[in-house]
Amino acid sequence: MFAKIQIYTMKGFKLTFSILFFVTVAFTACKDDDNNDAVEDPRAQNLKALGTSAEDILSNATFKSLTVELAYTNNQKPSQEALDRFKDFIIARVNKSDGVNFIETVVPNQSGAPFTIQEIRDIETNIRTQYTVGDDIAMYVFFSNGSSENDTDTTVTLGTAYQNTSVVVYQNTLVNITADDPEVLPLLESTTLHHEFGHILGLVNIQDDDIHIDGEHEDLDHPKHCVIEDCLMFFEASNITRSHVTRMVNMLRQRANVPEFDIELCLADLQAKGSR
Ligand SMILES: [Zn+2]
Ligand SMILES: [Zn+2]
């Protein structure tokens, strides 16, 4: 008797579900036919220009939580040390009453390396699973198994922040650079990751909204970077010379820690946008 009732309930549920599904499909089809702009791209909030979501990520005003997706390929996972340090680094900066969620997504090796930035965008479209919804803002980092197409015999790109919530770290390039010095790899991973996150947060003067007077903060010889030599945002991570990278690796080995935002300039700018 009991079993019979259960089966009946299941059937009833299935029936209701089918009707609902049919109605939804019919309604959606109807909407598409009648109104071309009715369906908003669910990724729309994550397809904006670099630096435009700095305040949304830092402050608690519009978005109460942050989701950070860390996507890497199965044979090139970034070091646990760098992932843990990145989590601490974010939590120390953002003001989120509902917290920060970290999601790790393991994807197959992506073919076609070296990658143009358009290919990096296409990879994001295929593998990214977390998008901004409601009052949760999402950001995404891809640890690429291939290098940047812009690399030459003399220059290299370690990472790029290319959209309001999107970063690529050329993990394979970092591994190659530190091949003779693997203990420096976690420091180079962190420096690249934190630096690109700084660009996501609008540093330096990405959206022409720096609170400091002209020339005081942004290094006019190296636009969008900081004038303070030991600041995290002083370094360039795109198209840098290989000899510069060697100096950077030596510096990281010596100091054995990751550069931070300077207090008076970079941190002051972040605090103006709601950072802790
Ligand atoms: Zn940079
Ligand atoms: Zn700075």
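Residues numbered from 1 in each chain as written. Chains lettered and ligands numbered in written order. Predicted model: local features only at pLDDT ≥ 70, side-chain atom pairs only at ≥ 80, totals over all residues.

### Details of the pairing of strand β1 (residues 65-73)
Right, so step 1: Judged by how many residues are buried, β1 sits mostly within the fold: seven of nine residues are covered.
Right, so step 2: Across eight bridges, β1 lies against strand β3 (residues 136-143) in parallel orientation. Within β3, the residue paired with Val 68 across the bridge is Met 139.
Right, so step 3: In terms of strand pairing, β1 meets strand β2 (residues 100-107) through eight bridges, oriented parallel. Bridging from a neighbouring strand, Glu 69 pairs with Ile 103 of β2.
Right, so step 4: Since β1 and β2 lie parallel, the crossover through helix α3 (residues 80-93) that links them has a hand, and here it is right-handed. (Buried ≥ 20, exposed ≤ 12 C-beta atoms within 10 Å, placed from the backbone. Helix = DSSP H or I, 4+ residues; strand = E, 2+ residues; numbered from the N terminus. Pairing = 2+ DSSP bridges. Right-handed = clockwise from strand over helix to strand, strands pointing away.)

### Focus: the confidence of the model for the chain
Low-pLDDT stretches of the model should not have their predicted coordinates read in fine detail.
Right, so step 1: Mean pLDDT over the chain works out to 88, with 86% of the residues at or above the 70 mark.
Right, so step 2: Ignoring residues within four places in sequence, the model shows residues 1-35, a span with pLDDT below 50, making two contacts including any to other chains. (pLDDT = per-residue confidence, 0-100. Contact = placed C-beta atoms within 7 Å.)

### What to know about the sheet that holds strand β6 (residues 166-169)
Right, so step 1: The mixed open sheet is built from five strands, whose spatial order is β2-β1-β3-β6-β5. Both outer strands of the open sheet, β2 and β5 (159-163), are each paired with one neighbouring strand and no more. On average, each strand axis in the sheet is tilted by 20° relative to the strand beside it, whichever way the strands run. (Axes fitted to C-alpha atoms, helices over the stretch in contact; angles between N-to-C directions.)

### As for the nonpolar core
Side chains that are nonpolar tend, in soluble globular proteins, to be buried together.
Right, so step 1: Ile 57, Val 141, Phe 142, Leu 188, Leu 201, Met 233 and Cys 266 are the most contacted members of the largest nonpolar core, which has 58 residues in total.
Right, so step 2: Take this core: its biggest share by element is seven residues, from β3.
Right, so step 3: Setting aside residues no more than four positions away along its own chain, Cys 266 makes contact with Leu 203, Val 204, Cys 226, Cys 231, Met 233 and Phe 261. (Core = buried A, V, L, I, M, F, W, Y, C linked by C-beta atoms within 7 Å.)

### Concerning unusual backbone geometry
Right, so step 1: In this structure, Pro 114 follows Ala 113 across a cis peptide bond, with omega equal to 0°.
Right, so step 2: By the element assignment, Pro 114 lies in the loop between β2 and α4 (117-127).
Right, so step 3: Cis geometry marks the peptide bond from Leu 203 to Val 204, where omega comes out at -10°.
Right, so step 4: Note on placement: Val 204 falls in the loop between α6 (185-200) and β7 (240-241).
Right, so step 5: Within the chain, Asp 208 stands out as a residue other than glycine whose phi angle is a positive 55°.
Right, so step 6: Considering the arrangement of structural elements, one finds Asp 208 in the loop between α6 and β7.
Right, so step 7: Looking at Asp 208, the number of C-beta atoms within 10 Å reads 8, which means it is exposed.
Right, so step 8: Positive phi outside glycine occurs at Lys 224, with the angle close to 70°.
Right, so step 9: With respect to the helices and strands, the residue Lys 224 is situated in the loop between α6 and β7.
Right, so step 10: For Lys 224, a count of 18 C-beta atoms within 10 Å translates into the label partly exposed.

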